[in-house]
Each structure stands twice: as C-alpha cells, then as structure tokens.
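Here is how the chains run, residue by residue.
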Amino acid sequence: MSDSFHIYTDTSALPVHQHEAYLEEGFGGICTGGTAIIKVFSVCRKISPNDLVTLLPLQLAQIQEVSDDFAMTFFKINKVMFLDVMSGLGKITPDFFFYMRKNFQVRLNDNDTKRFLGFCNVIDYRENNDDPHFWRETMLHLLRIYFWDFYVHFQKVTNKKKTYLNSRKESIAFKFSMLAFEHCKAHREVNFYSEMLCISSLYLTKVIQEVNGQSPREMIADYLIVEIKRMLRDANLDIKEITHQTGFSNQSSMSRFFRQHTGMSPSEYRCTIHIIQ
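Presented here is an overview of the structure given in this document. Being a predicted model, the structure only gives us computed values, none of them experimental.

Bringing the overall build of the protein into the picture now. When its secondary structure is counted, the protein shows 11 helices and 9 strands. Since a compact globule built from 277 residues should have a radius of gyration of about 19 Å, the 19 Å found for the protein is in line with a globular shape. Overall size of the protein, expressed as C-alpha extent along the three principal axes, is 55 × 50 × 35 Å. Considering the protein as a whole, with its 277 residues, one finds that 51% of them fall into the buried category. Residue pairs at least 24 apart in sequence account for 73% of intrachain contacts in the protein once pairs closer than 6 positions are excluded. As displayed, the protein has an accessible area near 13800 Å², and 51% of this comes from carbon and sulfur atoms.

Shown next as structure tokens:
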C-alpha cells in the first residue's frame, strides 16, 4: 500500500463499509451533511454535521444507515504511515488506542469545524506544492498535530482511569498491549507474555486476533518498529547503539527485521526523515 495522501469529499472512498471488517486504513474527517451510523468494535455512534470522526487503522468498524445526503471531508491514513506518525509523538501507551475505540466521534462547534476544514486545505495545498523529497515528512508533521490533540484530550478526561474495557477478553488484550509496549525490545516471543498473563499462548493468540485484528507477534513487531523509528530520529544514536538497545544480536538481524516490516533499511529510513540533533 502506498503512502499517497489526499483530501477526499467522495464518501465512496471511505475505508469503512457496510460489512464489519478490520480497517486497512484509518481516516479522520468532518461530517458536512446527512447522517450515518458508524460502529467501532461494540460502540455505535450516529454521525451528523459538525461531527469529527477519527478511526485508526486495524480497528473493527462498519458504517450503516447512510442517508442519501451524507457527506464528509476526510483524509485516509494507512498503517505504515500511522506508525510513522506515532513514532514522532514520544511514548504514547496502548491505553490511548483503547480509549479511541469509544471516543472516535467528537462534536465540534462551527469555529472548530472551520479550523478542521482549514487544516484539510493546508494538507491539500502542501500535497500539491511541496518538494516531493520533503512531502512525506511534511504530512507526518501535520498529522502529528492532529493526533497529538486527541492524546492531550485523552490525558485530560481520563485522568488515568481505565473505564473503557467491557469484557475479560478486552482486559487481556489491554494487559498484553501494555506488556508488549514495555517489553518488546527484550522479548519478542509470545510465550513470554502468555506466561505473564497466566494463560496459554494459543488462547492469547486467539484473544488478541479477535480483539485487535492482529496476532500477538504482529503487535509486538509494530511496537518495536515504532521504537526503532523513534531512535532513528535521534542523531546521537548510531545504528550499532540502536541494535543494542532493541535487543538484537547484531546489526544484520536488526536490519533484516526493519526491512521486513518497512521495506527499507534503517539507513535508508534515516535518509527520508528529519533527524533530531
């Protein structure tokens, strides 16, 4: 999947459909007319004008009861680009992603609606006028502003209260996510996490696949890739030090892992980003 990035007004381009499925792409957009029902995991929301909707990649979602005049202005973001956005936001823990499952809809006032549409205009302008060598990084910085605002709001309203888990399976998935986030650099084996959770690796795999749409191994890899990308942005860390800090036995194995999940080597990735001095 490419990292092309556009502003859309044609709702047929939305990555969410009538039948429930895990999203290959997420999206952020404002409803500008009509109504629809969007369901994310077990949460249903009626979407109407001035509602800002933000769905993350790999969320389980569907759209129903779409009115004939339903309209949105929105962008789409695939998993690769989303993980790059997250890598530049620091240590955002998995509780934010569980929070977003239930808080994907925000009602905006008229001024904030105009601000979002202005944000879309900026993206549209930069897409068509930026130097192609810097275009992707420009998009990442703009998107970090967007998702950072959600994270700040999350911190304010939750005050570290975990009130968004509905079932034992969700609780297991959340605990696994927190453990994988904390230990992914040292432990990439599913057995390590199943033993910590006192369940079998087979049951853990089944639960994580059902709740998150990924295998535990895929989630561990995602967390580790975000961490490696974060380190690659630090000019004070060379590849050898990053290899050591992420628990790989040598640079070749770390490079193979990184290329497998990103399509480029760590050095090639460094050439595409802004390095923090």
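Next comes the rest of the account.
When you line up the elements, lysine 39 lands in strand E4 (residues 36-40). With a relative accessible area of 24%, lysine 39 lands in the partly exposed category. Distance from lysine 39 to valine 16, taken between C-alpha atoms, is 9.6 Å for residues 23 residues apart in sequence. In this structure, lysine 39 is in contact with Glu20, Cys44, Leu60, Ala61 and Gln62, ignoring residues within four places of it in sequence.

Here we take up the sheet that holds strand E5 (residues 43-47). Read across the sheet, 4 strands follow the order E2-E7-E4-E5 without closing on themselves; strand pairing throughout is antiparallel. Where the open sheet ends on each side, the last strands, each with one partner, are strand E2 (21-22) and E5. Bridge analysis of E2 against strand E7 (residues 60-64) gives 2 bridges, and the strand direction is antiparallel. Bridge pairing in E7 links alanine 21 to alanine 61.

What follows concerns the pattern of salt bridges. With the rule as written, the count across this model stands at 12 salt bridges. Here glutamate 268 ties to arginine 259 by a salt bridge, and the two come within 3.5 Å at their closest N and O atoms.

Moving on: the sheet that holds strand E3 (residues 25-33). Read from one edge to the other, the open sheet built from 5 strands follows the order E1-E8-E3-E6-E9, with strand pairing classed as antiparallel. Both edges of this open sheet fall to strand E1 (7-8) and strand E9 (105-107), since each of them pairs with a single strand only. Sheet analysis places E3 next to strand E6 (residues 51-55), joined by 4 bridges and oriented antiparallel. Across the sheet, residue isoleucine 30 finds its bridge partner in E6, namely leucine 52.

A word on the pairing of strand E8 (residues 71-78). With 7 of 8 residues buried, E8 lies mostly within the body of the structure. Bridge count between E1 and E8: 2 bridges; the pairing is antiparallel. In the sheet register, tyrosine 8 faces E8, and the bridge partner there is phenylalanine 74. Direction of pairing for E3 relative to E8: antiparallel, over a ladder of 8 bridges. Following the sheet pairing, glycine 33 is matched in E8 by alanine 71.

Calculation rules
Here the residue index of a chain counts from 1 through its sequence in written order. Only residues with pLDDT of at least 70 are given local features in this predicted model, and only at 80 or more are side-chain atom pairs given and counted; all residues enter the totals for whole chains, interfaces and linings. With hydrogens and water set aside, each side-chain value is computed from the structure's full complement of heavy atoms. In DSSP terms, a helix is any run of H or I states spanning at least four residues, a strand is any run of E spanning at least two, and both are numbered starting from the N terminus. We take the radius of gyration over the C-alpha atoms and set the globule estimate at 2.2 Å times the residue count to the 0.38 power. Only protein chains enter the calculation, and the probe is 1.4 Å; a residue is then buried if its accessible area is under 20% of its type maximum, exposed if over 50%, and partly exposed in between. Contacts between residues were defined by any pair of non-hydrogen atoms, one from each residue, lying within 4.5 Å. Exposure was quantified through the Shrake-Rupley algorithm and a 1.4 Å probe, taking into account, for residues, occlusion by the shown protein chains and nothing else. Any two strands are treated as partners once DSSP identifies two or more bridges connecting them. One speaks of a salt bridge when a side-chain nitrogen belonging to Lys or Arg is within 4 Å of a carboxyl oxygen belonging to Asp or Glu.

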